[in-house]
Amino acid sequence: MKKFCLIANERTRAADVNVPEILSYISGHGGECYELPNRHGNEPSSTGESFIDMEKLLSDTECAIVLGGDGTILQSARQLAERDIPILAINLGTFGFLADGEKEDMHSAIDHVLHEDYKIERRLMLDGSVISDGREIYTSNALNDIVVARSGIVRVISTTVYVDKTEFNSFKGDGIIVSTPTGSTGYNLSAGGPILMPGTASFAITPICPHSFNLHGIVAPCRSEVTIEVVQSKKTQSEEAIVSFDGNRGIRINAGARVRVKMAKETLSFIRTPGYEFLNVLREKIHGGRI
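Rules of the game
Residues numbered from 1 in each chain as written. Predicted model: local features only at pLDDT ≥ 70, side-chain atom pairs only at ≥ 80, totals over all residues. Heavy atoms only, no water. 1 Å grid on protein atoms, 1.4 Å probe; cavity = no way out; pocket = protein on both sides within 12 Å on 5 of 7 lines; lining within 4 Å. Points joined across faces, edges and corners; volume = space filled by probe spheres on them. Nonpolar A, V, L, I, M, F, W, Y, C, P; charged D, E, K, R; others polar. Helix = DSSP H or I, 4+ residues; strand = E, 2+ residues; numbered from the N terminus. Polar contact = N/O pair within 3.5 Å; in protein donor to acceptor, adjacent residues only side chain to side chain. Buried < 20%, exposed > 50% of the residue type's maximum accessible area, 1.4 Å probe, protein only. Arc of directions from axis to C-beta. Phe/Tyr/Trp six-rings, centres within 6.5 Å; stacked < 30°, edge-to-face > 60°.

**Brief notes about empty space enclosed by the protein**
- Under the criterion given, the structure shown has 2 cavities of 30 Å³ or more.
- The calculated volume of the largest cavity comes to roughly 50 Å³.
- Its residues assigned to classes, the lining of the largest cavity shows 6 nonpolar, 2 polar and 1 charged.
- Its boundaries defined by the atoms lining it, the second largest cavity holds a volume of some 30 Å³.
- Taken together, Thr159, Phe171, Lys172, Gly173, Asp174, Gly175, Pro207, Ile208 and Pro210 make up the full set of residues lining the second largest cavity.
- Mapped onto the lining of the second largest cavity, the elements with two or more residues apiece are β10 (166-173) and β12 (202-208).
- Looking at the lining of the second largest cavity element by element, the count peaks at 3 residues for β10.

**Here's the deal with the side chain of serine 140**
- Relative to the elements of secondary structure, serine 140 occurs in strand β7 (residues 135-142).
- Only 2.6 Å separates the side chain of serine 140 from the side chain of arginine 78, close enough to count as a polar contact.

**Quick word on helix α3 (residues 106-114)**
- Where α3 is concerned, the buried positions are Met106, Ala109, Ile110, Val113 and Leu114. Seen from one end, α3 has its buried residues packed into an arc of 135 degrees, which puts them on one side.
- In the segment just after α3, glutamate 116 is the residue with positive phi, at about 60 degrees.

**Quick word on the packing of aromatic side chains**
- For the coordinates displayed, the defined rule picks out 2 aromatic pairs.
- When the ring of tyrosine 138 is compared with that of phenylalanine 245, the centres are 5.3 Å apart and the planes differ by 70 degrees; the resulting orientation is edge-to-face. Highlighted residues: tyrosine 138 in strand β7 and phenylalanine 245 in strand β15 (residues 239-245), separated in sequence by 107 residues.
- Taking relative accessible area as the criterion, tyrosine 138 reaches 17% and is therefore assigned buried.
- The class for phenylalanine 245 is buried, based on a relative accessible area of 0%.
- Measuring from ring centre to ring centre gives 6.0 Å for phenylalanine 168 and phenylalanine 171, while their planes differ by 50 degrees; the resulting arrangement is tilted.

Structural measurements only, silent on function.
And the structure:
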């Protein structure tokens, strides 16, 4: 690969990165690179999806170098997946589960890509639809997870979860997470869900703080269709839940609404340079005191 775009979240510590130096380094080593800007002068949508200005993406771009934490990588990934552009992610955040390496590894990682010394790791994505009053009101993809959560600080919600139209269980608590293997180390892990290896063809369905000790989640094959129905728990409570895609601001829904989740047609490609191993990253982040 020789033609890159560079994405840096200007609202994070990536703003302190010397972008001209990176562009110069790539051009000085036989590549081409331009900065793909954040969206300026536009209010973010209610779901927080517009992060990078895709109109400025050149058609011959072969790779996107993303500088930031997992949040920046997620926002970029959802927009780049439709173009099937692989991502070389450099961690500038706290955890960096999605990144190939840290800031100090950046030049080395770029060298490997320029010399075609890497592998492509494809990650599953979710396709979610929100159905209210019998009509689809919103649809989007997600790399990490789709979450149906309570809308109030102290209230709980009641949900019924179906897998391929067969009822799995009913839950009363803070909500439900449907997570990809990529997202299994995020909110899913915090909620007590299982960690799934990146190549696992499955989803994790995890209840959030269920009000019963004998209610557990389940791992379902990725070919399954998961449906979460929000059940009215109080007659005076009309606005029951919020649906969030990869931690965005969320869509408010009422009792009776359903969220359908299945595997997306798109997959996201991460570039992995020599030395990257998921289990090593996992061990470092968890047992290294960073979680």
